Amino acid sequence: MFSPHVTGPADERGFTLIELMVTVALAAILGMLAAPAIGDFIVKSRMTNAANEFSGSLLRARNEAVSRNSCVSLCMSSNADGSSPSCSSSGANWQVGWIAFMNTSCDASLTAPPSSSDVLFARVSGGSEAYITSLRGGRAMMFNPRGAQGAANADRFDVGYQSADSAYTRKYGVNICLDALGRSRSIPAGTACSDF
């Protein structure tokens, strides 16, 4: 029986070398155009994560103080790996990690949890690209049973990328304002808490 469909060399051919080279060249051009946007996205994502995690920790420490009707301290950790938690006495970047612990004596000068069972949560080092620094150089804060921390402890935390004057910090940086009542809010980088 005769089939009307004839197969031959023209039906079995694939892509030519020229077609493959044009496709690869177009893919390379599109990749080069997308690379800067992907880099910006990664940096913005790291800075946003650092700011959100720190803001969440401030809120959690404040809520723990209110719900437990006791003082809670939050401080920069001196141990990047989270072992034997204690507060740091030097440094400015909160990205080294932080700890929150029960402070039943409401002693603002306490530099370590009274016992390991008093630790509420700890965050280990978050890397060195993004930074979180206190405007007044504070490395510790204490929330009282009403969730406040006092007017003297109001602070602004700057979240940036590698340095305060980097293009990424100017573009994606944020400031976290912490008021005397223990409330926090995020504002654009380079602005004062009182102006926003």
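Further up the page is the structure itself.
Here the structure is a predicted model, which means the values were calculated and not measured.

## Side note on a nonpolar patch on the surface
A cluster of nonpolar residues, Ile-18, Val-22, Leu-26, Ile-29, Leu-30, Met-32 and Leu-33, forms a patch on the protein surface that exposes about 760 Å² of accessible area. Position of Met-32 relative to the elements: it lies in helix 1 (residues 17-68). On the basis of relative accessibility, which here comes to 61%, the residue Met-32 falls in the exposed class.

## Description of the state of the cysteines
Applying the stated criterion across every chain yields a total of 3 disulfides. Between the sulfur atoms of Cys-177 and its disulfide partner Cys-193 the distance amounts to 2.0 Å. On the S-S bond that ties Cys-177 to Cys-193, the torsion sits near -95°, and the link is left-handed. Remark: Cys-193 occurs in the segment after strand 8 (184-188) and Cys-177 occurs in strand 7 (residues 174-178); sequence separation between them is 16 residues. The disulfide pattern of the chain is 1-4, 2-3, 5-6 when the bonded cysteines are numbered in sequence order.

## Quick notes on the sheet that holds strand 7
Here we have 4 strands laid out as an open sheet, ordered 4-6-7-8, and antiparallel in their pairing. The open sheet has two edge strands, strand 4 (130-134) and strand 8, and neither has a second partner. Between one strand axis and the next, the sheet turns by 25° as a mean value, whatever way the strands run. Against the sheet, helix 1 contacts strand 4, strand 6 (155-161), strand 7 and strand 8, and its axis sits at roughly 155° relative to strand 6.

## What about the pairing of strand 8?
Where strand 7 lies against strand 8, 5 bridges are found, and the strand directions are antiparallel. Each residue of the ladder has a partner; that of Asn-175, found in strand 8, is Ile-187.

## Focus: the pattern of salt bridges
Charged atoms that come close allow side chains of opposite charge to pair. Scanning the entire structure with this criterion turns up 7 salt bridges. In this structure, Lys-171 and Asp-40 form a salt bridge, with 3.0 Å as the shortest nitrogen-oxygen distance. Pair noted here: Lys-171 is in helix 2 (residues 167-172) and Asp-40 is in helix 1, with a separation of 131 residues, a long-range link. For Lys-171, a relative accessible area of 53% translates into the label exposed. Ionic pairing is found between Arg-183 and Asp-179, a salt bridge with its closest N-O pair at 2.9 Å. A residue is classified by how much of its surface remains accessible, and Arg-183, at 45% relative accessible area, is partly exposed.

## Focus: unusual backbone geometry
A positive phi is found at Asn-69, a non-glycine position, where the angle reads about 50°. Among the secondary structure elements, Asn-69 is positioned in the loop between helix 1 and strand 1 (72-76). Under the relative-accessibility criterion, Asn-69 is labelled exposed at 61%. The backbone of Cys-106 shows a phi angle near 55°, a positive value even though the residue is not glycine. Position of Cys-106 among the secondary structure elements: in the loop between strand 2 (98-102) and strand 3 (119-123).

## Observations concerning the pairing of strand 4
For strand 4, the tally of buried residues reaches 4 of 5 residues, placing the bulk of the element in the interior. Inspection of the sheet shows strand 4 paired to strand 6 by 5 bridges, in the antiparallel sense. The residue bridging Ser-134 from the neighbouring strand is Phe-157, located in strand 6.

What counts, and where the lines are drawn
Residues numbered from 1 in each chain as written. Predicted model: local features only at pLDDT ≥ 70, side-chain atom pairs only at ≥ 80, totals over all residues. Heavy atoms only, no water. Patch = residues over 30% accessible without salt bridge, like charges linked within 9 Å, V, L, I, M, F, W, Y side chains within 5 Å. Areas by Shrake-Rupley, 256 points an atom, 1.4 Å probe, with all protein chains shown as cover. Salt bridge = Lys/Arg side-chain N within 4 Å of Asp/Glu carboxyl O. Helix = DSSP H or I, 4+ residues; strand = E, 2+ residues; numbered from the N terminus. Buried < 20%, exposed > 50% of the residue type's maximum accessible area, 1.4 Å probe, protein only. Disulfide = S-S within 2.5 Å. Pairing = 2+ DSSP bridges. Axes fitted to C-alpha atoms, helices over the stretch in contact; angles between N-to-C directions. Contact = heavy atoms within 4.5 Å.

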